[in-house]
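Analysis of the macromolecular model
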Amino acid sequence: MTIPTNDTWSRDDLGGVPRETHLATLREHLVARGEAERLVDVTYRTVASPVGELLVAATPLGVVRVAFDVEGHERVLEDLARRVGVRILASPRRLDPVARQLEEYFAHRRTTFDVPMDLRLSSGFRRRVLAHLSEIGYGATESYAQVAVAAGSPRAVRAVGSACATNPLPVVVPCHRVLRSDGTLGGYVGGLDAKRALLALEAA
Amino acid sequence: MPADVQMSERPTSHPGAPGRLPGVKPFEQVVADHGGTVWRVCRAVVGPLDADDAWSETFLAALRAYPGLPEGSDVRAWLVTIAHRKAVDIHRARARRAVPVAEVPDHGVVEPASDEHDELLAAVARLPERQRLTVAYHHVAGLPYREVAELVGGTPEAARRAAADGVAALRRALGTTAAARPVVPVPGGAR
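Residues numbered from 1 in each chain as written. Chains lettered and ligands numbered in written order. Predicted model: local features only at pLDDT ≥ 70, side-chain atom pairs only at ≥ 80, totals over all residues. Heavy atoms only, no water.

1. So, the overall build of chain A
- Tallying secondary structure elements over chain A gives 8 helices and 6 strands in all.
- Written out in order from the N terminus, the α and β elements of chain A read α-α-β-β-β-α-β-α-α-β-α-α-β-α.
- Within chain A, buried positions represent 51% of all 204 residues.
- Restricting to contacts in chain A with at least 6 residues of sequence separation, those with at least 24 account for 59%. (Helix = DSSP H or I, 4+ residues; strand = E, 2+ residues; numbered from the N terminus. Buried < 20%, exposed > 50% of the residue type's maximum accessible area, 1.4 Å probe, protein only. Contact = heavy atoms within 4.5 Å.)

Put into structure tokens, the structure is as follows:
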């Protein structure tokens, strides 16, 4: 072999280069061991979808966050680090069940989600709103005012709007099924195109 | 500007983690940024057979301690320090497992060379411990000699000499033909 002739040695020369697949295997083992020792606050992966790449994050209790591309996945992870814990690890495999259900939903093969949820990022009235949203059936819609009534505060229409806007689990908790009383879209955390696409998907 | 406005932009201190804004950088970023470097350090320090174990133990310990790491810490140096302790553990465990021999070798496990690159790795593994560690921490991890000395003991100058001796020994072991391959500078590290 040939030897470098000056005093600067390459790290790669001296230590070898791990194959990406090898490091990926080591990282999966780290997640497994970390979880076994209860050291992992959040695991996450991404799921391709017709409304862009979705970030899916879970605590040991359940899915804690679903985020659209437009929210900025990196920013969402930093927010999770602040609000849930810094021990966040990517794990393609650990979130397979929810990823599979999302894929089925977008393929018209699923109308409800059956995964444990961790609603810690929502509290009080907003949490009551989320609880009601899960009762709005696939393909159905309600107005912000109807949701306000259902959540026990008929006059809190604007608060329903902000509860939807801050829904930590869009798609899984169907805030896209809430419209204005006049039938127009209102707002959406993933952008109006995404809301339109989800409603069209469920209407098809 | 009111004092409270300025305060709000600074990390809020809380019990147990002085001065650290709890959670800014997910641990995944630490693994992504330094996983490869730590693996190379482990490989150079404990050899190929135990490198994966050393890597796993290092990152598991780092995961455990990460929430308490003070803000602004040199994360790479922190990880290399953990890796160094794990390497010491592995060497001790290996010594306990080993069948007593008449002559104790002062070098790491040597893997059979299967290609030119492995030949260099095997030569690193054959270096005396102090040279191997200083080469690994300075040339592979990129730590300055001051920090290398904190890990291996002695003065920075002694660490620099040990690393230079190690590099010279590697040259002797492998022959000093002119480098046909371009030399890649150590990024941001070797001083």
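2. Here we look at the overall build of chain B
- Of the regular secondary structure elements, chain B holds 8 helices and 0 strands.
- Reading chain B from its N terminus to its C terminus gives the helix and strand order α-α-α-α-α-α-α-α.
- The proportion of buried residues among the 191 residues of chain B is 46%.
- Sequence-distant contacts in chain B: of pairs separated by 6 or more residues, those separated by 24 or more amount to 62%.
- Carbon and sulfur atoms make up 56% of the accessible area of chain B, which totals about 9,700 Å². (Areas by Shrake-Rupley, 256 points an atom, 1.4 Å probe, with all protein chains shown as cover.)

3. Overview of the sheet that holds strand 4 (residues 88-90) of chain A
Residue and element names in this part refer to chain A.
- Strands sit in the order 3-2-1-4 across an open sheet of 4 strands; the sheet is mixed. Single-partner strands in this sheet number two, and they are strand 3 (62-67) and strand 4. The average undirected angle you get between the axes of adjacent strands in this sheet is 25°.
- Pairing analysis gives 3 bridges linking strand 1 (residues 42-47) to strand 4, with the strands arranged parallel. Residue pairing for strand 4: Tyr44 is matched across the bridge by Ala90. (Pairing = 2+ DSSP bridges. Axes fitted to C-alpha atoms, helices over the stretch in contact; angles between N-to-C directions.)

4. Some words on the packing of aromatic side chains
Residue and element names in this part refer to chain B.
- Following the criterion strictly, the structure yields 8 aromatic pairs over all chains and no others.
- With a centroid separation of 4.4 Å and 40° between ring planes, the pair formed by Trp55 and Phe59 is classed as tilted. Highlighted residues: Trp55 and Phe59, both in helix 3 (residues 48-65), separated by 4 residues, approximately one helical turn. Like Trp55, the residue Phe59 is buried in the burial classification.
- Members of the aromatic cluster, each reached through a chain of ring pairs, are Phe27, Trp55, Phe59, Tyr66 and Trp78. (Phe/Tyr/Trp six-rings, centres within 6.5 Å; stacked < 30°, edge-to-face > 60°.)

5. Overview of the confidence of the model for chain B
Residue and element names in this part refer to chain B.
- Of all residues in chain B, 69% attain a pLDDT of 70 or more, and the chain-wide mean is 77.
- The weakest mean pLDDT in chain B belongs to helix 1 (residues 3-8) at 32; the strongest belongs to helix 7 (residues 145-152) at 96.
- Considering only residues more than four positions removed or in separate chains, one finds that residues 109-114, a stretch of pLDDT under 50, has 14 contacts. (pLDDT = per-residue confidence, 0-100.)

6. Here's the deal with the state of the cysteines
- Enumeration according to the criterion identifies 0 disulfides over all chains in this entry.
- Cys175 of chain A takes part in no disulfide bond, and the closest cysteine sulfur, belonging to Cys164 of chain A, lies 5.4 Å away. (Disulfide = S-S within 2.5 Å.)

7. Brief notes about the pattern of salt bridges
All names here are of chain B.
- Using the criterion set out here, one finds 15 salt bridges over all chains in the structure.
- In this structure, Asp50 and Arg94 form a salt bridge, with 2.8 Å as the shortest nitrogen-oxygen distance. Of the two residues, Asp50 is situated in helix 3 and Arg94 in helix 4 (residues 75-97); the sequence distance between them amounts to 44 residues.
- Arg94 gets classed as buried once you look at its relative accessible area, which sits at 15%.
- Note that Arg161 and Glu157 form a salt bridge whose closest N and O atoms lie 3.6 Å from each other. Of this pair, Arg161 and Glu157 both sit in helix 8 (residues 156-174), separated by 4 residues, roughly a single helical turn.
- With relative accessibility at 44%, the residue Arg161 sits in the partly exposed group.
- Here Glu157 falls in the partly exposed class, since its relative accessible area comes to 37%. (Salt bridge = Lys/Arg side-chain N within 4 Å of Asp/Glu carboxyl O.)

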